[in-house]
Structure formats: structure tokens, C-alpha cells
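Results of the structural survey
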Amino acid sequence: MAATQNSVESETQRETKRHKPDENDGKPAAESSISGFEVGRILRDSAREKNIFVHGKIDDQEAIVILEKTPITQDVLPEMLKKSTQLLEMKNDIYSTYQLQPPPYLNGVKTTVICPATEKHVKKYQRQETFLIEETEEDYQSITLPYINSQSFSVQWVYNILEKKAEADRIVFEDPDPQDGFVLLPDFKWDQKQVDDLYLIAITHRRDVKSLRDLTPDHLPLLRNIREKGLEAIMKRYSVPASKLRVMLHYQPSYYHLHVHFITLDYEAPGCGVERAHLLTDVIQNLQDRPEYYRKHALTFPIRADDALLSKFREAGRV
Ligand code: GTA
């Protein structure tokens with residue numbers, strides 16, 4: 001991909017963003033809390049993915065910090081090579097290795113903070129063995145639904161987005177219709193610096209659909225609307241066509257308020273595997289062919305070893 005194609009912002013916008021910390025008088029709240037983070041336990045890390053998930057404390061509150069090195073894009077290469085301090089490590093015949101130390105504004109580390117974090121967050125980010133569960137309609141009614149009604153993650157962050165109390169400036173597209181409308185915005189896993197890992201989510205305005213399981217043909221206008229207008233908005237803003245996008249839902253989701261993931265095909269994001277991802281086009285097709293599909297069909301999903309829902313399935317003798 002050409003340098004100008006894979007970067008999301010204009011040169012001027014990028015420069016402004018990268019220099020922002022130096023120019024800001026007041027630090028954003030999150031920045032000051034990160035510096036006070038007391039490192040506790042490493043929940044998981046990956047040399048290949050270049051990320052680390054850490055459990056600790058901020059001001060005596062449980063916290064999780066996720067640090068991730070971001071991709072090096074073609075557009076910053078000339079500047080990076082020119083402006084970095086170069087430390088020669090070794091030279092042998094035609095081979096040599098260096099440690100480059102780029103200037104801070106070209107060397108950002110994407111950081112996510114969850115504070116206060118619950119025990120459920122800690123478990124979510126911990127490396128764990130996973131199992132597959134085949135959930136029948138009866139299992140959903142007698143095991144899963146009571147469980148998610150009592151124990152699922154708060155969706156306050158979703159309501160904050162819908163009510164413009166948070167992330168309002170990040171909205172890429174909105175259809176305000178209360179039945180079929182939605183808000184499309186960058187997922188918080190995407191730093192928007194390059195389209196190579198483009199990731200947006202469409203969050204429905206209606207609040208009565210928890211997940212795939214609740215979908216009926218009544219929701220077809222909503223689903224078609226999300227697909228059509230979401231794809232159009234992404235093409236318009238990022239020049240990424242429908243043929244390069246994986247548009248899907250998770251089952252089980254982490255957050256039980258209907259949302260659709262729009263992820264560039266070249267990025268293997270977590271949760272893209274066949275055991276958890278359901279393409280929106282397939283969902284629409286299934287509902288057209290069989291109105292009761294998601295209510296009646298057994299659905300398979302992965303579950304982590306320490307998830308209380310797995311214990312509920314075990315207690316019921318279903319695993
Ligand atoms: N814009 O406040 C938010 C926000 N929150 C709290 C969650 N999301 C948000 N987006 C915005 N603002 O894609 C996003 C999530 C996710 C979607 C919910 O909403 O990033 P889901 O209900 O299907 O849940 O989708 P899912 O996919 O399990 O959640 P999530 O958080 O993506 O976790 C899946 C795996 O992704 C994790 O186990 C971990 O392996 C990985 N992961 C999560 N967060 C990060 C991160 N910040 N960096 C790197 N990897 C991560």
C-alpha cells in the first residue's frame with residue numbers, strides 16, 4: 001500500500017497529534033493516572049503481538065493497563081530513519097544490526113486503561129485455556145440468559161456513546177433513527193493512525209437487543225441499514241471498500257447491547273475465528289431463510305476455563 005493510502009490522517013493532522021503532549025498545558029486525566037499505576041501481576045504478554053496486559057492499582061483502585069507497540073507505517077519511515085539516534089550493535093561482512101531510537105512523537109505506545117477494573121475484567125484479559133460450548137435454545141433460556149442478566153459487564157460506556165457523553169468527537173457516522181439507527185465509531189482497540197488495522201463498531205440506538213440470540217426478521221431493516229450505511233461511511237471516510245471489510249458479530253459478546261464489528265480483512269483481530277465470529281451477511285441470510293434461526297438453532301461459542309458461565313454449564317451437566 002502506498003504511504004499516502006495506508007495512513008488515516010493528513011500530514012498536518014498527524015503532526016498536530018504527535019506534538020500534542022508538548023503543546024498541551026494541562027495533561028489529560030488518563031495520562032496522570034497512568035504515571036501513578038503500580039504494576040502488580042502480568043496477566044499476559046506476547047512478543048509476537050508486542051503487547052502486555054498488566055493488573056495493578058491506580059490510587060488504590062484495581063486497574064488494568066494494556067500496552068501495545070503499534071505498526072510502523074510507510075509514511076513515517078523517511079522521518080524515522082532520518083531523525084532516530086542510531087546505535088550500531090554489530091557488523092559482519094554485509095550484515096549489520098542497529099538499535100534505532102526514534103524521537104518520542106514517532107515512538108508512541110498505544111495504551112488502554114480500565115479503572116476501576118472488576119474481577120471479571122481481570123479474568124477476561126488473563127491467558128486461559130478455552131473450551132467450546134454448544135448452546136441449545138433450552139440452554140440459553142435456562143443457563144445463559146439468567147447468567148448474563150445477573151453477571152454481564154456494564155454497558156454504561158455504550159450508553160455514554162449513544163447519549164454523546166463520551167467519544168462524541170470520534171463518531172464517524174450516525175443514523176439517529178430510534179429503531180433502525182446506530183452510531184459508527186472507531187473501536188477502542190484502533191488508534192486510527194493507519195488503516196492496516198482499521199476497526200470500527202456500529203452500536204444500535206435500540207437497547208432491547210442483547211445479542212445474536214435475540215435477532216428475528218423484525219430486525220432485518222436494522223441489520224441491513226447497519227451494513228449498507230456502515231460500509232458507505234467507511235468507504236467515504238477511509239476509502240476502504242466493502243470487499244476489504246469483515247463485518248461481523250460476536251457470540252457470545254462481552255457486552256450485551258447489539259453491536260457490529262467492521263474490521264479490515266488484512267487484520268486478524270482477536271475474536272475473528274469461526275468459533276466466535278458471525279458474518280453480518282450470513283446473519284441476514286439466515287434470518288431471511290429461517291425466521292427462528294437465532295432463537296432455535298444451537299450456537300457454538302468459545303469459553304474460558306475460569307468463566308463462571310462454564311461452571312453453570314458444568315453444573316447443568318451440559319459440558
Ligand atoms: N469505542 O469504551 C469503549 C469500548 N469498550 C469498553 C469496548 N469497546 C469499546 N469501544 C469504544 N469505546 O471490540 C469495544 C471492544 C470490542 C467491542 C465489544 O467494543 O474493543 P464484544 O462485546 O464482542 O467483546 O465487542 P470482545 O470482542 O470480547 O471484547 P474485546 O474487549 O475486544 O476483547 C477481546 C480480546 O481482544 C481480548 O481478550 C484481548 O485479547 C483483545 N483486546 C482487548 N482490548 C485490547 C487492547 N486494548 N489492545 C489489544 N488487545 C486487546
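Everything numeric here is computed off the predicted structure, so don't read it as measured data.

**A closer look at the overall build of the protein chain**
- Secondary structure assignment for the protein chain yields 11 helices and 14 strands.
- A buried classification covers 41% of the 319 residues belonging to the protein chain.
- The contacts of the protein chain with a sequence gap of at least 6 include a subset with a gap of at least 24, amounting to 65%.
- Only carbon and sulfur atoms are counted for the fraction: they give 49% of the accessible area of the protein chain, which is about 17,600 Å².

**Concerning the pairing of strand β12 (residues 259–264)**
- By the criterion of burial, β12 is predominantly enclosed, with six of the six residues buried.
- Residue alternation in β12 divides its side chains into two sets, H259, H261 and I263 and V260, F262 and T264, and both sets are buried.
- Looking at chain direction, strand β10 (residues 199–204) and β12 are connected through five bridges and run antiparallel. For Y199, the partnering residue across the bridge sits in β12 and is I263.

**So, the site of the ligand**
- The environment of the ligand is formed by 25 residues, the closest being R44, D187, K189, H250 and S254.
- K189 is positioned with one of its side-chain polar atoms (N or O) 2.3 Å from an oxygen atom of the ligand.
- Between an oxygen atom of the ligand and a side-chain N or O atom of H261, the distance comes to 3.2 Å.
- For the ligand, the protein covers 91% of the area, taking 890 Å² as the surface of the free molecule.
- Within the residue set of the shell around the ligand, elements represented by two or more residues are β3 (61–69), β6 (109–114), α5 (119–125), β10 and β12.
- Partitioned by chemical class, the residues of the shell around the ligand number 11 nonpolar, five polar and nine charged.

**A look at empty space enclosed by the protein**
- This model, assessed by the stated rule, comprises one cavity of 30 Å³ or more.
- Within this model, the largest cavity holds a volume of roughly 50 Å³.
- Contributing to the lining of the largest cavity are K210, S211, L212, L249, H250, P253, Y255, H257, L258 and H259.
- Tallied by class, residues from the lining of the largest cavity come to five nonpolar, four polar and one charged.

**Concerning the packing of helix α8 (residues 220–238) against helix α9 (residues 280–289)**
- Here α8 crosses α9 at 155°, and the two axes come no closer than 10 Å. By the angle between their directions, the pair α8 and α9 is classed as roughly antiparallel. The element α8 and its partner α9 pack so that their crossing is left-handed. Note on element contacts: α9 touches α8 through L280, T281, V283, I284, L287 and Q288, opposite L220, L223, R224, I226 and R227.
- Class assignment for the residues of the contact of α8 with α9 results in seven nonpolar, two polar and two charged.

**Some remarks on the UniProt feature "active site" (unreviewed entry) in the protein chain**
- Here the UniProt-annotated "active site" (unreviewed entry) positions come out as H259.
- Looking at the element boundaries, H259 is found in strand β12.
- A relative accessible area of 12% places H259 in the buried class.
- With residues up to four places along the chain from it excluded, the contact list for H259 reads A202, I203, L249 and P253.

**Points about helix α6 (residues 137–151)**
- Taking 1.5 Å of rise per residue, the 15 residues of α6 would be expected to cover 21 Å, and the 20 Å separating its terminal C-alpha atoms lies within 8% of that figure.
- All of the buried residues in α6 are D139, Y140, I143, T144, L145, Y147 and I148.
- On its buried face, α6 sits against α5, β7 (130–135) and α11 (308–315).

**Topic: α9**
- Listing the buried residues of α9 in full gives L280, V283, I284, N286 and L287. Looking straight down α9, one finds its buried side chains confined to an arc of 165°; they lie on one side.
- Of the surrounding elements, those touching the buried residues of α9 are α8, β11 (245–250), β12, β13 (277–279) and α10 (293–296).

**Describing the sheet that holds β13**
- Ordered by their spatial adjacency, six strands build an open sheet running β8-β9-β10-β12-β11-β13, and the pairing between neighbours is antiparallel. Strands at the two margins of the open sheet, each flanked by one partner only, are β8 (173–175) and β13. When the angles between neighbouring strand axes are averaged without regard to direction, this sheet yields 25°.
- As paired strands, β11 and β13 are joined by three bridges and run antiparallel to one another. Residue M248 lies in a different strand from β13, and its bridge partner there is L279.
- Strand contacts of α8: β8, β9 (182–186), β10, β11 and β12, with the helix running at about 35° to β9, the strand carrying the most contacts.

Calculation notes
- Residues numbered from 1 in each chain as written.
- Predicted model: local features only at pLDDT ≥ 70, side-chain atom pairs only at ≥ 80, totals over all residues.
- Heavy atoms only, no water.
- Helix = DSSP H or I, 4+ residues; strand = E, 2+ residues; numbered from the N terminus.
- Buried < 20%, exposed > 50% of the residue type's maximum accessible area, 1.4 Å probe, protein only.
- Contact = heavy atoms within 4.5 Å.
- Areas by Shrake-Rupley, 256 points an atom, 1.4 Å probe, with all protein chains shown as cover.
- Pairing = 2+ DSSP bridges.
- Near = heavy atom within 4 Å.
- Polar contact = N/O pair within 3.5 Å; in protein donor to acceptor, adjacent residues only side chain to side chain.
- Nonpolar A, V, L, I, M, F, W, Y, C, P; charged D, E, K, R; others polar.
- 1 Å grid on protein atoms, 1.4 Å probe; cavity = no way out; pocket = protein on both sides within 12 Å on 5 of 7 lines; lining within 4 Å.
- Points joined across faces, edges and corners; volume = space filled by probe spheres on them.
- Axes fitted to C-alpha atoms, helices over the stretch in contact; angles between N-to-C directions.
- Parallel < 35°, antiparallel > 145°, perpendicular 65-115°, else oblique.
- Left-handed = near helix turned anticlockwise from the far one by under 90°.
- UniProt positions renumbered as here; feature names shortened; annotations may be inferred.
- Expected span 1.5 Å × (residues − 1).
- Arc of directions from axis to C-beta.

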